[in-house]
Amino acid sequence: MKTTALLILFSFSTVGLCQTDQRIYDIIDAVSAEHIEADVSRLVQFGTRHTLSDTISQTRGIGAARRWIKAEFEKISAACNACLDVSYQKNLVKKGDNDRIFKDVEIVNVLAVKLGTKYPNRYILMSGDIDSRVSDINNVTSDSPGANDNASGMAGTLEAARVLSKYDFENSIIFIGLSGEEQGLYGGKGLAAHAKEKGWKIIGILNNDMIGNIKGVDGIISNTDFRIFSEPVSPTETEQQRNARRFYGGEVDGISRQLARYVHKTTQTYMPEMNPMMIYRLDRFGRGGHHRPFNDTGFAGIRIMEAHENYTQQHQDIRTEDGIEYGDKLEHVNFHYAKKLTAVNAINLAAIAWAPPAPETVMIGGIVEPAAKLQWSKVDGAAGYKIYWRDTTSPTWDHSRYVGDISEYTLDGVVIDNFFFGVAAVEENGFESVVVFPNGIIR
Ligand SMILES: [Zn+2]
């Protein structure tokens, strides 16, 4: 039965029809909970990783922690013929920049770049955070294990680098340890500005912040639920773009939301046992994360995190009060769950890095016609294009049609008013770009 179906598929065309790719399953299997456990344990051993903590000690403080992270990336690189370019990226923040910066401090991020073979200047990013905190945000000496917040995200990023370093990709991937998160998202701000200045084409950032807790403060325990936060539209949109949305739509179709849909879809395809929850907001209510400075700079960025948080284990001095054990300690991290969320990242990095660039312009038309028309700019390296559409109330791209290597198509019988549309570029290998929502009108 299966063989027949495959034969029929291949008799139509050889392009864009691979439903799944074995390499993606191999990547999922290769992610190791033991590695993540070892790395979270190691990060906890630095005592505190507060952004303004000691940088001289070899055993304690953020200096020792970032040197260890850099050395780990270098070890991974040594095992793949120097396939990673490992470096620090630094910004000096002056005392008093906000009340969490009580002395001048060098904010130091650690970067490991796996250069793409075909589109080296296009980057998909994965990040975790180096820094940790306790109850008093300016306490730089007390034990601050930050096991879940955010050694889990940092360890996941290291493990994704280990697994993906075994492959070559067409687009570049950067694995990142960001610093200064708790003091005001300083590492992300610095790196986003650096990327813009260098002219890097950022496809997007998958920011991981707390990927190891499965027991919620609400009593819910789940090792399959997780959240994908994305803001609806880019904060950098122009007045003109905002006005156009009133007439043509796009209120829930910004670039970060398309990246969130991509991650949701890849997860459902390859890890159907997981429950990805798309959350239609930038971040948790009134709280922040390191994807935001990338969004502020005009780049797509999402936050991947656990679904059920435990607030007694975040940003807390280690203590017992009224029988409750406070503190972000190692024993609260579920490494098998962190492994799954790391796999979610790794397969999305791979899928995007194996895909062609998305079309730059997508035009749509079809006012008072019984058909929707789409036109797009062709992409160097794409084997073909796929048109997506969905009901206006649906969160996901539910309908699609692969239309081959052309640059315009009319969907007969599909009334433009009743759906939202988008176009993705498809690689020979079947991998697809993120969907592009129309950014122009055919008159
Ligand atoms: Zn935090």
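This structure is a prediction, so every number in the text was calculated from the model and none was measured. (Residues numbered from 1 in each chain as written. Predicted model: local features only at pLDDT ≥ 70, side-chain atom pairs only at ≥ 80, totals over all residues.)

A word on the overall build of the protein
Along its length, the protein carries 11 helices and 17 strands. The C-alpha atoms of the protein give a radius of gyration of 22 Å, which matches the 22 Å a tight globule of 443 residues would have. Taken along the three principal axes of its C-alpha coordinates, the protein extends 65 × 50 × 45 Å. For the protein, buried positions account for 47% of its 443 residues. When contacts within the protein are restricted to residue pairs at least 6 apart in sequence, long-range pairs at least 24 apart make up 77% of them. (Helix = DSSP H or I, 4+ residues; strand = E, 2+ residues; numbered from the N terminus. Rg over C-alpha atoms; globule rule 2.2 N^0.38 Å. Buried ≥ 20, exposed ≤ 12 C-beta atoms within 10 Å, placed from the backbone. Contact = placed C-beta atoms within 7 Å.)

Topic: the packing of helix H3 (residues 33–44) against helix H5 (residues 147–164)
Here H3 crosses H5 at 130 degrees, and the two axes come no closer than 8 Å. Our classification of the angle between H3 and H5 gives oblique. Considering only the axes of H3 and H5, their crossing is right-handed. Residues His35, Ile36, Asp39, Val40, Leu43 and Val44 of H3 lie in contact with H5, whose contacting residues are Ala147, Ala151, Ser152, Met154, Ala155, Gly156, Leu158, Glu159 and Arg162. In terms of residue class, the contact of H3 with H5 is built from nine nonpolar, three polar and three charged. (Axes fitted to C-alpha atoms, helices over the stretch in contact; angles between N-to-C directions. Parallel < 35°, antiparallel > 145°, perpendicular 65-115°, else oblique. Left-handed = near helix turned anticlockwise from the far one by under 90°. Nonpolar A, V, L, I, M, F, W, Y, C, P; charged D, E, K, R; others polar.)

Observations regarding the sheet that holds strand S16 (residues 419–426)
On the basis of which strands lie adjacent, the open sheet formed by three strands has the order S14-S13-S16 and antiparallel pairing. Of all strands in the sheet, those bounded by a partner on one side alone are strand S14 (399–404) and S16. Ignoring which end each strand starts from, the neighbouring axes of this sheet average 20 degrees apart. As judged from the five bridges shared by strand S13 (residues 384–391) and S14, these two strands associate in the antiparallel manner. By the bridge assignment for S14, tyrosine 385 is matched with glycine 404. (Pairing = 2+ DSSP bridges.)

Things to note about the UniProt feature "domain: Peptidase M28" (unreviewed entry) in the protein
In the numbering used here, UniProt assigns the "domain: Peptidase M28" (unreviewed entry) feature to residues 109–316. In residues 109–316, the share of helix is 32% and the share of strand is 24%. The end C-alpha atoms are 24 Å apart. (UniProt positions renumbered as here; feature names shortened; annotations may be inferred.)

A short note on the nonpolar core
In terms of nonpolar packing, the biggest core is built from 107 residues, with Ala346, Leu349 and Ala350 touching the most fellow members. Formed jointly, this core draws a minimum of three residues from each of two domains, domain 1 (22–353) and domain 2 (362–441). Among all residues touching leucine 349, those that are not within four sequence positions of it are Ile124, Met126, Ala160, Leu164 and Ile173. Core analysis: the next-biggest nonpolar cluster, separate from the first, contains eight residues, Leu52, Ile101, Ile107 and Val108 among them. (Core = buried A, V, L, I, M, F, W, Y, C linked by C-beta atoms within 7 Å. Domains from an automatic or database assignment.)

Considering the packing of H5 against helix H11 (residues 335–353)
Direction vectors running N to C along H5 and H11 enclose 50 degrees, while the axes themselves pass 9 Å from each other. Classified by the interaxial angle, the pair formed by H5 and H11 is oblique. The element H5 and its partner H11 pack so that their crossing is right-handed. Counted together, Ser152, Ala155, Gly156, Glu159, Ala160, Val163 and Leu164 of H5 and Ala338, Leu341, Thr342, Asn345, Ala346, Leu349 and Ala350 of H11 form the full contact between these two elements.

Remarks on the domain arrangement of the protein
Its domain assignment divides the protein into domain 1 (22–353) and domain 2 (362–441). Inter-centroid distance (C-alpha atoms) of domain 1 to domain 2 is 31 Å. If you look at the interface, domain 1 gives 13 residues, while domain 2 gives 10 residues. It is helix H9 (residues 255–270) that contributes the most residues to the side of domain 1 that touches domain 2, six residues altogether. Looking at side-chain class alone, the side of domain 1 that touches domain 2 contains five nonpolar, four polar and four charged residues.

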